[in-house]
Structure formats: structure tokens, C-alpha cells
Amino acid sequence: MHIETIAIHAGNRTDEASQAVIQPIVLSTTFERNETGDYPKGYIYSRAANPNRELLENVLAKLELGADAAAFSSGNAAGMAVFQSLKPGTHVIGPDDMYHGLRNQLKTLFAGILEFDFVDLTDISVFEKTIRPNTGLLWIETPSNPLMKITDIDALVKLAHERNIKVACDNTFASPVCQQPLTLGADLVMHSTTKYLSGHSDITGGVLITPVKDEWWEKIRQIQQLGGAIPSPLDCYMLTRSIKTLPYRMRGHVQNAQLLAEYLEKHPKVEEVMYPGLPSHPQYELAKKQMNYAGGMLSFVVRGGKEEAFKVAASCKIFTHATSLGGVESLIEQRASNEGPDSTLPQNLLRVSVGLEHIDDLIEDIAAALGEI
Ligand SMILES: *Cc1c(COP(=O)(O)O)cnc(C)c1O
């Protein structure tokens, strides 16, 4: 089946009790037992399993061509479950521009429990040199946030597997429409479903997806159920509903991002545009090889400094100056100030989540804002 069909059908089933075509929201935290004490529908208690979460997990697993999925209350909770599943003392290698919330999680919550290094994973030899005898996990994020660097998933997976290292891939920026890391050999896919999968900036959630139900996956499932960082039935319902339009939304994001990137690249007040769909991107060929589409995120560097970047963001009328990404509305953000004092990003870098407004309106808006500097 194609992704458009999966997105619509894999998260839904006709309700047995009412014949409702759309799965109802089941808010009950507890489920009735029969005379022998069994649970006729398999549900016991909502932290362990809930019909809305089960359907959400089913569609998410199928979108990534996986065997199973575990939904969490946020992307960070999903990431945390991965790190908690590792044996204490395990060495983790992540990208030097790893999503700052997860990098901070490792540095603050896992200090003394796990060992970690953050390195430039676009250079395979750097990864090879960073491997230690206790390296157990390679964490990939591609395209990276916000520099849009591309990491060669296939090449790193091959090298990691030779050394018995598991590979997890944060696929939030790409979405399963643009990239499916399990098809490139990854052992786990993670998403902040807060972003493209939700698509409307009104749900916080996360997910892990596995290609096999092995021992590692059992452990992750236990962390989900015993740790309890689960999404509510309402959030699961809303997310399942959003996912139905994901493939069409994604194509709109990609189309607008490509046109905006091409416009910005020619603008005299723009020094650099980072978008994997531009032939000027240093890893354009690699992006074309491992991605179906270049995605809906781009960054650009304006002439000037922090002040000019803030001025552009503040002057936009359609783009909102706010963090996050993946919603139907376009967002622009001076990124360094969001990451805090230890950010190494250029102060004049603006990150854009290209929304689904008409491209002519978006270009007109950003042209006017650039005219202010
Ligand atoms: C937002 C984001 C996360 C964290 O997800 P939350 O839902 O905010 O906890 C992780 N990775 C990437 C790439 C993100 O953009």
C-alpha cells in the first residue's frame, strides 16, 4: 500500500459497538473483566494500553515500514526511553548539532549514567575515530537542526553494525514522507510527533518505531508502560486524525520550501541558504539519494548580525516569530537565542518552518521584511 492510503486507514477501525466509521475517543482509564477475571478485549488499564493509542501506534509503525511503535507524551520522553533502555556505562555517539533539548537531556539527566560524545557525523571517519569498546548507540539526526546538514544513514549503519552498535534516527525534520530510515538499516526511528505528524501546532507527542520486536524493543515497551510517559487518548485521537493528511501536507511544505529557498538564494541581503533541495547544498546528491523529498525546513543567514536577524523576524506579518516547526502556519526564528548561551550558531541565522500558505504571499512577506534591513 502507498503512504497516502496507510495514513488514512492504518489508524482507524469501525467501532464494533456503534458501527461508527471513525474510532471513538475512549477516555476510560479502566476496562471491565469477565466472570473468569479475563479482559475480553485485551485492555486492562489505560497506562498499559488504550484503543486510541493502539491505533495511533499502528499507523505510525506502518508509515515508517516498521513492526511496532510506542507512543510517548513528547519527543523528549521518547528519546529518554531510548537512553534509559541502555545499560549504564554505555557510550552514545550523537551529532554535534543534535536537537538541543535531547543533547541537554543527555548532559544533565544522564551524566554519570551514560558516556557520550557529540561529533560531526557528516564525516564518517570522525564517527569511526569516536567509537570506543563500550559504544552501544549511534544517534543520527538528518537533516540536522538548524544547519540542515545531511548524514549518510546507509554508510553509518553499515559501519555501526560491523561493530555491534545500534543506530537510532531522529526523523522529525524529514517526516516519514520525505525519508524512511528503517529502509536504510536503522534499528530505531524516533519522532517528535509535535511537529509534522501533528501538523497543526496543538499536540505534544513523541514516538519510537522498531523494525523488529526484539529484546531491546521489549525493554522500551516496558519503559513506556512502567515509566508512564504516555499520550492522552484525546491527543492520540487528534494525532491519528492529523496523520490522515500528512502526505499531502508534506508535499505542500516541500513545494513551498523549495520555491522560498530559491528566492532567498538570489536575494542580495541573504548570505547563505541551507536547504537540501538546492544544488548549492554541499550534500545535495546525498540528500537526493536518501530522501524522497528535501523537506519543509530551511535556514538562511542574513547580512548583518543579531539585530538584523531579529529585525527580519519581527517585520514579517505572515511568518510568526516563534520556535517549533511542522505546522500549517509558517514560523521564523532567530535560532541562537532559543538554544541559549552555549549555542554555537551564527547570530544572523534564521530558521524557517515553511507552512502551507500561498507561496506568493510568503515571498512577498519575507521580501518586505528583508527590505527593513
Ligand atoms: C522538537 C524536537 C524534539 C523534541 O520533541 P518534543 O516533542 O518537543 O519533546 C526532538 N528532536 C527534534 C529534531 C525536534 O525538532
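Calculation rules
- Residues numbered from 1 in each chain as written.
- Predicted model: local features only at pLDDT ≥ 70, side-chain atom pairs only at ≥ 80, totals over all residues.
- Heavy atoms only, no water.
- UniProt positions renumbered as here; feature names shortened; annotations may be inferred.
- Pairing = 2+ DSSP bridges.
- Helix = DSSP H or I, 4+ residues; strand = E, 2+ residues; numbered from the N terminus.
- Near = heavy atom within 4 Å.
- Polar contact = N/O pair within 3.5 Å; in protein donor to acceptor, adjacent residues only side chain to side chain.
- Areas by Shrake-Rupley, 256 points an atom, 1.4 Å probe, with all protein chains shown as cover.
- Nonpolar A, V, L, I, M, F, W, Y, C, P; charged D, E, K, R; others polar.
- Buried < 20%, exposed > 50% of the residue type's maximum accessible area, 1.4 Å probe, protein only.
- Contact = heavy atoms within 4.5 Å.
- Patch = residues over 30% accessible without salt bridge, like charges linked within 9 Å, V, L, I, M, F, W, Y side chains within 5 Å.
- Salt bridge = Lys/Arg side-chain N within 4 Å of Asp/Glu carboxyl O.
- Core = buried A, V, L, I, M, F, W, Y, C linked by side-chain atoms within 4.5 Å.
- Axes fitted to C-alpha atoms, helices over the stretch in contact; angles between N-to-C directions.

- In the annotation of an unreviewed UniProt entry, the protein chain is listed under the name PLP-dependent aspartate aminotransferase family protein and assigned to Mucilaginibacter straminoryzae.
- Checking UniProt for the protein chain, the heading Cofactor (unreviewed entry) contains the comment "pyridoxal 5'-phosphate".
- Among the UniProt annotations of the protein chain, the heading Sequence similarities (unreviewed entry) holds the following wording: "Belongs to the trans-sulfuration enzymes family."

Some thoughts on the sheet that holds strand S10 (residues 320-321)
Item 1. Sheet architecture is open: five strands sit in the order S8-S9-S12-S11-S10, paired in mixed fashion. The outermost strands of the open sheet, each flanked by one partner alone, are strand S8 (270-274) and S10.
Item 2. In terms of strand pairing, S10 meets strand S11 (residues 331-334) through two bridges, oriented parallel. Within S11, the residue paired with His-321 across the bridge is Ile-332.

Some words on the site of the ligand
Item 1. Around the ligand there are 14 residues in total, and Asn-76, Asp-170, Ser-192, Thr-194 and Lys-195 lie nearest to it.
Item 2. Between the ligand and Gly-75, the relevant distance is 2.9 Å, taken from an oxygen atom to a main-chain nitrogen or oxygen of the residue.
Item 3. Within the side chain of Thr-194, one N or O atom sits 2.7 Å away from an oxygen atom of the ligand.
Item 4. Summarising the interface, the protein chains cover 91% of the accessible area of the ligand, which totals 380 Å² for the free molecule.
Item 5. Grouping the amino acids of the shell around the ligand by side-chain chemistry returns four nonpolar, seven polar and three charged.

Quick notes on the side chain of Ser-85
Item 1. With respect to the secondary-structure elements, Ser-85 resides in the loop between helix H3 (75-84) and strand S2 (91-95).
Item 2. With a relative accessible area of 9%, Ser-85 lands in the buried category.
Item 3. Engagement of the side chain of Ser-85 in a polar contact is seen with the side chain of Trp-216, the distance being 2.8 Å.
Item 4. What Ser-85 contacts, discounting residues up to four positions off in sequence, is Trp-216, Lys-219, Ile-220 and Ile-223.

Structural notes on a nonpolar patch on the surface
Item 1. Where nonpolar side chains cluster on the molecular surface, the patch consists of Ile-25, Leu-27 and Leu-234 and spans about 280 Å² of accessible area.
Item 2. Note on placement: Ile-25 falls in the loop between helix H1 (3-9) and helix H2 (51-63).

Describing the nonpolar core
Item 1. Phe-127, Leu-138, Leu-298, Phe-300 and Ile-332 are the most contacted members of the largest nonpolar core, which has 80 residues in total.
Item 2. By residue number, the principal contributor to this core is helix H10 (residues 246-265), which donates seven residues.
Item 3. In this structure Phe-300 touches Leu-264, Val-270, Glu-272, Val-273, Ile-332, Asn-348, Leu-349, Leu-350, Val-352, Ile-366 and Leu-370, once residues within four positions along its chain are discounted.
Item 4. If you look at the next biggest cluster of nonpolar residues, it comprises 24 residues, including Ala-81, Leu-137, Met-190 and Ile-223.

Remarks on the pairing of strand S6 (residues 188-192)
Item 1. Counting buried residues in S6 gives five out of five residues, a clear majority hidden from the surface.
Item 2. In S6, alternate side chains face the same way, and those of Leu-188, Met-190 and Ser-192 on one face and Val-189 and His-191 on the other are all buried.
Item 3. The sheet contact formed by strand S5 (residues 166-170) and S6 spans three bridges and is parallel. Each residue of the ladder has a partner; that of Cys-169, found in S6, is Val-189.
Item 4. Across four bridges, S6 lies against strand S7 (residues 206-210) in antiparallel orientation. Note on S7: the bridge partner recorded for Met-190 is Leu-208.

Considerations on the pattern of salt bridges
Item 1. What the rule picks out here adds up to 16 salt bridges.
Item 2. One salt bridge in this structure joins Glu-4 and Arg-251, with 2.1 Å as the shortest N-O distance. With Glu-4 in helix H1 and Arg-251 in helix H10, the pair connects residues that are 247 residues apart, well separated along the chain.
Item 3. Owing to a relative accessible area of 21%, Glu-4 belongs among the partly exposed residues under this scheme.
Item 4. When its relative accessible area of 29% is taken as the criterion, Arg-251 is described as partly exposed.
Item 5. Note that Arg-303 and Glu-271 form a salt bridge whose closest N and O atoms lie 3.8 Å from each other. Of the two residues, Arg-303 sits in the loop between strand S9 (297-302) and helix H12 (306-315) while Glu-271 sits in strand S8, which places them 32 residues apart along the sequence.
Item 6. A relative accessible area of 44% means that Arg-303 is categorised as partly exposed.

Focus: the sheet that holds S7
Item 1. The mixed open sheet is built from seven strands, whose spatial order is S1-S7-S6-S5-S4-S2-S3. In this open sheet, the two strands that pair with only one neighbour each are strand S1 (68-72) and strand S3 (115-119). Here the strands of the sheet are splayed against their neighbours by 20° on average, with no regard to which way each runs.
Item 2. Summarising the sheet, S2 and S3 pair through five bridges and their orientation is parallel. Note that in S3 the partner of Pro-95 across the bridge is Val-119.

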